[in-house]
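# Structural characterization, general
Chain residues, written in single-letter form:
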Amino acid sequence: MTGKQFIIVDVFTEKRFAGNQLAVFTDARGLDAETMQEIAREMHFSETTFLFPPERGGDFRMRIFTPEYELPFAGHPTVGTAYVIVSEQMKELSGPITPVTLETGIGPINVEVKTEAGRAGHTTMNQPLPIVKGQFNDIDRLAAALSIEPTEIKQTGLPVEAIYNGITVTIVPVTSRAAVERIKVDVRTLEEISRKMNAETVLVFTRETLMSTSAAHCRVFAPAAGVIEDAATGSANGPLGYYLVRHGVVKREPVTKIISEQGFEMKRPSLLHIEVDVDPQTDEVAAVRVGGSVVIAGRGEIFLD
């Protein structure tokens, strides 16, 4: 009987069984896209990653699958996979920071893994620069899809924007944590809105947080990708940091540091550390990074015949 081994990690958490789950297949050679999709559906995490030898000068080629389809890029899979590579010493450690370059569907993504005392630690990915793709103005329909009142969006005075950084997220501001906690998704309508915005995910956030150190409390939904709710979404939180800085919701610094809370309503609390660099000459966002802690939760093998 042949099989492929995998490692399960919890991403954006220091505590096992919190954060966002990820299965990493450390040697996916010989697997075709159909088989990888079947495995991802069997694992049934929001994403599963598969590692191959590099093709374009990186350390590994990475393919990412939701239970429904392949993604060109995603946040917590990139962070979690880089952590596994360093933790399992699939790449030689290089001092206090070990860089990992992952070849993805949108090109190489550079990740830095702290390696204190020879162990993998806090892991940070550099994201493609966000691009605003448009606004969604039918607030009544959007509010109905989230089961909240339109005023709970409108009273923020902030726009609902679609932002692209490899995949597209729709950012939705609301007035209170109570409104975020009360959300019950109309899956069909939210999926229709997502498709209209060409967005894979919808991030709803408020500035009212559980923890005093956090700048935002959010929930992320991805019905178009077959994931009703996600516990920690690095690809969406990078654009959130960009949004907060660009609209002056947080104080703009040369390096603005933001902590975002996610997954608490799912009983999988997650903390995502966002850094937004601003060019002092142009006052434009020059870089976005998202990182956090990762914990190995388990190991296993999928049988193929």
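Scroll up a little and you will see the structure.
Residues numbered from 1 in each chain as written. Predicted model: local features only at pLDDT ≥ 70, side-chain atom pairs only at ≥ 80, totals over all residues. Heavy atoms only, no water.

With that out of the way, let us pick up the pattern of salt bridges. Under the defined criterion, the tally for this structure stands at 18 salt bridges. In this structure, Lys-91 and Asp-59 form a salt bridge, with 3.2 Å as the shortest nitrogen-oxygen distance. Here Lys-91 is found in the loop between helix 2 (75–87) and strand 6 (97–104), whereas its partner Asp-59 is found in the loop between strand 3 (48–52) and strand 4 (60–65), with 32 residues between them in sequence. Here Arg-246 ties to Glu-161 by a salt bridge, and the two come within 2.3 Å at their closest N and O atoms. A residue pair is termed long-range when its members are at least 10 positions apart, and Arg-246 in helix 7 (residues 234–246) and Glu-161 in strand 10 (residues 161–164) qualify at 85 residues. (Salt bridge = Lys/Arg side-chain N within 4 Å of Asp/Glu carboxyl O. Helix = DSSP H or I, 4+ residues; strand = E, 2+ residues; numbered from the N terminus.)

A separate point is the packing of helix 3 (residues 139–146) against helix 6 (residues 187–196). Close contact between helix 3 and helix 6 brings their axes to 8 Å; oriented N to C, the two are set at 135°. When the axis of helix 3 is compared with that of helix 6, the two are oblique. Considering how the two elements wind past one another, helix 3 and helix 6 form a crossing that is left-handed. Where helix 3 abuts helix 6, its residues Arg-141, Leu-142, Ala-145 and Leu-146 lie against Thr-189, Leu-190, Glu-192 and Ile-193. (Axes fitted to C-alpha atoms, helices over the stretch in contact; angles between N-to-C directions. Parallel < 35°, antiparallel > 145°, perpendicular 65-115°, else oblique. Left-handed = near helix turned anticlockwise from the far one by under 90°. Contact = heavy atoms within 4.5 Å.)

Here we come to empty space enclosed by the protein. Considering all chains together, one arrives at one cavity of 30 Å³ or more under this definition. Its boundaries defined by the atoms lining it, the largest cavity holds a volume of some 130 Å³. Along the walls of the largest cavity sit 19 residues, with Glu-47, Leu-71, Thr-201, Asp-230 and Thr-233 positioned nearest its centre. Those elements that provide at least two residues to the lining of the largest cavity are helix 2, strand 13 (216–222), strand 14 (227–230) and helix 7. Here the lining of the largest cavity gets three residues from one element, more than from any other, and that element is helix 2. Split by residue class, the lining of the largest cavity holds nine nonpolar, seven polar and three charged. (1 Å grid on protein atoms, 1.4 Å probe; cavity = no way out; pocket = protein on both sides within 12 Å on 5 of 7 lines; lining within 4 Å. Points joined across faces, edges and corners; volume = space filled by probe spheres on them. Nonpolar A, V, L, I, M, F, W, Y, C, P; charged D, E, K, R; others polar.)

A separate point is the pairing of strand 16 (residues 270–278). Bridge count for strand 15 (residues 255–262) against strand 16 is eight bridges, and the pairing is antiparallel. Residue pairing for strand 16: Gln-262 is matched across the bridge by Ser-270. Relative to strand 17 (residues 285–292), strand 16 is paired through six bridges, and the arrangement is antiparallel. Among the inter-strand pairings, His-273 is bridged to a residue of strand 17, identified as Gly-291. Taken together, strand 16 and the strand that follows it, strand 17, pair antiparallel across an intervening segment of six residues, in which Asp-283 is found at a positive phi of about 65°. (Pairing = 2+ DSSP bridges.)

In short, geometric facts, not functional conclusions.
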